[in-house]
Amino acid sequence: MRILTDREFLAPWISYRLGLQGPSLTVQTACSTSLTAVHLAVQSLLLGECDTALAGGVAVDTVRKRGYVHQQGGIYSPDGRCRPFDERAGGTVPGNGVGVVVLRRLSDALADNDPIRAVIRGSAVTNDGATKVGFTAPGVDQQTAAVVEAWAAAGLDPADAQYLEAHGTATALGDRIEAAAATAAFKGALGTGRIGIGSVKSNIGHLDAAAGVAALIKSVLMLEHATLVPNAGAGRPHPELGFDDSPFHLIERPAAWPEPEHGPRRSGVSSVGIGGTNVHVVLEEAPRRTGAWAPDAEGAPEVLLLSARTREDLSALAGRLAGALRAPKAPSLADTAYTLCLGRTPMAVRGYVRAGDRAGAAELLAELASGGAVALGGPDPLGEAWLAGEPVVREGGGRRVALPSYPFAGESHGAYRLGPVAPAGEQPEQGGGGGDLEQGVRALLAEALGLADADDPEMTYFAAGGDSLTAVHLVGCLRDDFDLDVPITLFLEQLTLHEMARRIVATGEGDDSLDALLSEFEAE
């Protein structure tokens, strides 16, 4: 069933699972894929096709440690280190990663009091066409054009930048062409050396389709924290790049990002794809907002509603929230209650605290985190309805604020398990009792889904977090470990894990009967 695994279906699958109804498309421009996706998402927002957009890229080749064979003249580094624009640069290093950004129109984000990390002022995409020496080689002119067009779309001059997050593969040809293209685009600052330059590939390697969004995220964080970050292990710039008479300097150590005399901090982010698709995005630091924090106002106590998949996760979530409410400039209790009620997906395991101020709420949350009762601070009708699983409607207004996210366990590899379900020789034999085989299948389901066991008679595959990738993995394990040939469509049905295990065993037995019948025909 390639419809479940081909990359073309990733975007619509996410839309299906999350209930998203705007434009949903998979982009492919090689190494510049994810930054191209960001550009297209920006255009969709500006056209009014959607109000919120998710854009990013995925590049996961393997979860196992893997090396490569260095070849003289190839693109890979001889020592496993990626050093963009450095005098020791010798090539790139592959990496795995996933990156996604959430985009909204600035006016909407400000109106809803969304946390804003940075602002995209403009973006542009070009292609080298036939103006370069070969299909896989980069080109100077259209890289320059992408930068100039993006800053023009922003209504700014490239010389207004203080930093450039470059594609920066650390290859001999790539770095030289990019440096030449960037120097031509930022010529308004020529000879000043005041624009810092770097590449996140020195930290995490080349993430292929996710490389552009990784660069964007790095630059956003630099703006948010007003910090200029160097390349990992940065040394002196390569002498052949001509940085001495250029707008750029290679950042050598972490430093505060000085506030410009005119305007906010700004940076550019570039991404270049094999085949010639060049992307550039103009970033600006988030607008400063005042009045977001205020002392606790006197009024009626607030009810903070929490939910999670397990009691352990609920405790962890309560502990995180307690810490957030104790932090300096913590959000108001009313805004916290508003965000928890309207900005979180209700889950099965629930709790609530009722308090009149942040300090009291933090104390009760800490008690809940340490294993206390799931209802603290006195009984409340809204909270009791919440515990009963009833729909709740919070009275009163509020604003969405940044709160701790869900405490994902982190230790489960899910479909990408690194070891067998059980040591060799301990798998149930298909020739034994059907109950033993079914128990073995249940154990496999539980391990793949990251569950302690699969004994909950009401738990469904999808409720347990199952998806198409896990299904592909399970089909292979059932075939290899149990000699059961199960169609992947079985995992798309709304079945409990108990019923799924029974169906898997029955399907496998049916296939064996068919094989026996075919063998009998062949013998005759």
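Just so we're clear, the structure is a prediction, and the values are computed from it rather than from any experiment.

Rules of the game
- Residues numbered from 1 in each chain as written.
- Predicted model: local features only at pLDDT ≥ 70, side-chain atom pairs only at ≥ 80, totals over all residues.
- Heavy atoms only, no water.
- Pairing = 2+ DSSP bridges.
- Helix = DSSP H or I, 4+ residues; strand = E, 2+ residues; numbered from the N terminus.
- Axes fitted to C-alpha atoms, helices over the stretch in contact; angles between N-to-C directions.
- Salt bridge = Lys/Arg side-chain N within 4 Å of Asp/Glu carboxyl O.
- Buried < 20%, exposed > 50% of the residue type's maximum accessible area, 1.4 Å probe, protein only.
- Patch = residues over 30% accessible without salt bridge, like charges linked within 9 Å, V, L, I, M, F, W, Y side chains within 5 Å.
- Areas by Shrake-Rupley, 256 points an atom, 1.4 Å probe, with all protein chains shown as cover.
- Contact = heavy atoms within 4.5 Å.
- pLDDT = per-residue confidence, 0-100.

Chemist: Is there a simple way to think about the sheet that holds strand β4 (residues 163–165) in this case?
Modeler: Backbone-to-backbone hydrogen bonds pair the strands of a sheet. The strands run either parallel or antiparallel. Reading across from one edge, β3-β10-β9-β4-β5-β7 is the order of the 6 strands in this open sheet, with mixed pairing throughout. A strand with exactly one partner marks an edge of an open sheet, and here the two such strands are β3 (118–127) and β7 (248–250). Within the sheet, the average angular offset between the axes of one strand and its neighbour, ignoring direction, is 25 degrees. Where strand β5 (residues 195–198) lies against β7, 3 bridges are found, and the strand directions are parallel. When the sheet's bridge partners are listed, I197 is paired in β7 with L250.

Chemist: Where do I start with the pattern of salt bridges in this structure?
Modeler: Between side chains of opposite charge, a pair can form when the charged atoms approach closely. For the structure on display, the rule yields 24 salt bridges. The salt bridge partner of R105 is D51, with a shortest N-O separation of 2.4 Å. One end of the pair, R105, is in the loop between β2 (97–104) and α3 (106–111); the other, D51, is in the loop between α2 (33–46) and β1 (52–59), and 54 residues separate them in sequence. Residue D51 is classed as partly exposed on the basis of its relative accessible area of 44%. In this structure, D128 engages K132 in a salt bridge whose closest nitrogen and oxygen atoms are separated by 3.6 Å. Comparing D128 with K132 shows no difference in burial state: the two are buried.

Chemist: Where do I start with a nonpolar patch on the surface in this structure?
Modeler: Taken together, L10, I14, L18, L20, L54, V58, V60, V98, V100 and V102 make up a surface patch of nonpolar side chains, about 870 Å² in accessible area. The set of elements that each furnish at least two residues to the nonpolar patch consists of α1 (10–18), β1 and β2. One can find V102 in strand β2.

Chemist: Got a minute to help me understand the side chain of R266 in this structure?
Modeler: Examined against the element boundaries, R266 turns out to sit in strand β9 (residues 266–272). The contact partners of R266, leaving out residues within four places of it in the chain, are R121, W151, L156, D160, A161, Q162, Y163, L223, W257, L283 and E284.

Chemist: I keep staring at the environment of S219 and nothing clicks. Help me out?
Modeler: By the element assignment, S219 lies in helix α7 (residues 211–225). Considered as a pair, S219 and R266 are 47 residues apart in the sequence and their alpha carbons are 9.6 Å apart. In this view, S219 contacts Y163, E165, S267, V269 and L283; residues no more than four positions away in its chain are not counted.

Chemist: Just to check I follow, could you spell out the environment of R121 for this structure?
Modeler: Mapping R121 onto the fold places it in strand β3. Using a relative accessible area of 30% as the deciding quantity, one classes R121 as partly exposed. Each C-alpha atom of the pair R121 and R266 lies 9.4 Å from the other, and the pair is 145 residues apart in sequence. The residues touching R121, leaving out its near neighbours within four places in the chain, are A153, A154, L156, R266, V282 and E284.

Chemist: Please explain the pairing of strand β12 (residues 349–355) as it appears in this structure.
Modeler: Each regular strand displays side chains that alternate between the two surfaces of the sheet. With 5 of its 7 residues buried, β12 lies for the most part within the structure. Where β12 and strand β13 (residues 375–376) come together, 2 bridges link them in parallel fashion. Bridge pairing links V353 to L376 in β13.

Chemist: How should I be thinking about the sheet that holds β13 in this particular structure?
Modeler: What the 3 strands build is an open sheet, ordered β11-β12-β13; its pairing is mixed. The strands lining the two open edges of the sheet, one partner per strand, are β11 (302–308) and β13. Against the sheet, helix α8 (residues 311–326) engages β11 and β12, with an angle of about 140 degrees to β11. Of the strands in this sheet, β11 and β12 touch helix α9 (residues 333–342), which is tilted by about 35 degrees from β11.

Chemist: Whenever I open this one, the confidence of the model for the protein chain confuses me. Can you help?
Modeler: Atom-level detail of predicted coordinates should not be read off regions where pLDDT is low. When pLDDT is averaged across the protein chain, the result is 87; 88% of the residues are at 70 or more. Per-residue pLDDT stays below 50 along residues 414–433; that stretch engages in 32 contacts with residues further than four places along the chain or on separate chains. Below a pLDDT of 50 lies the segment residues 511–518, which in the model reaches 2 contacts outside its immediate sequence neighbourhood of four places, other chains included.

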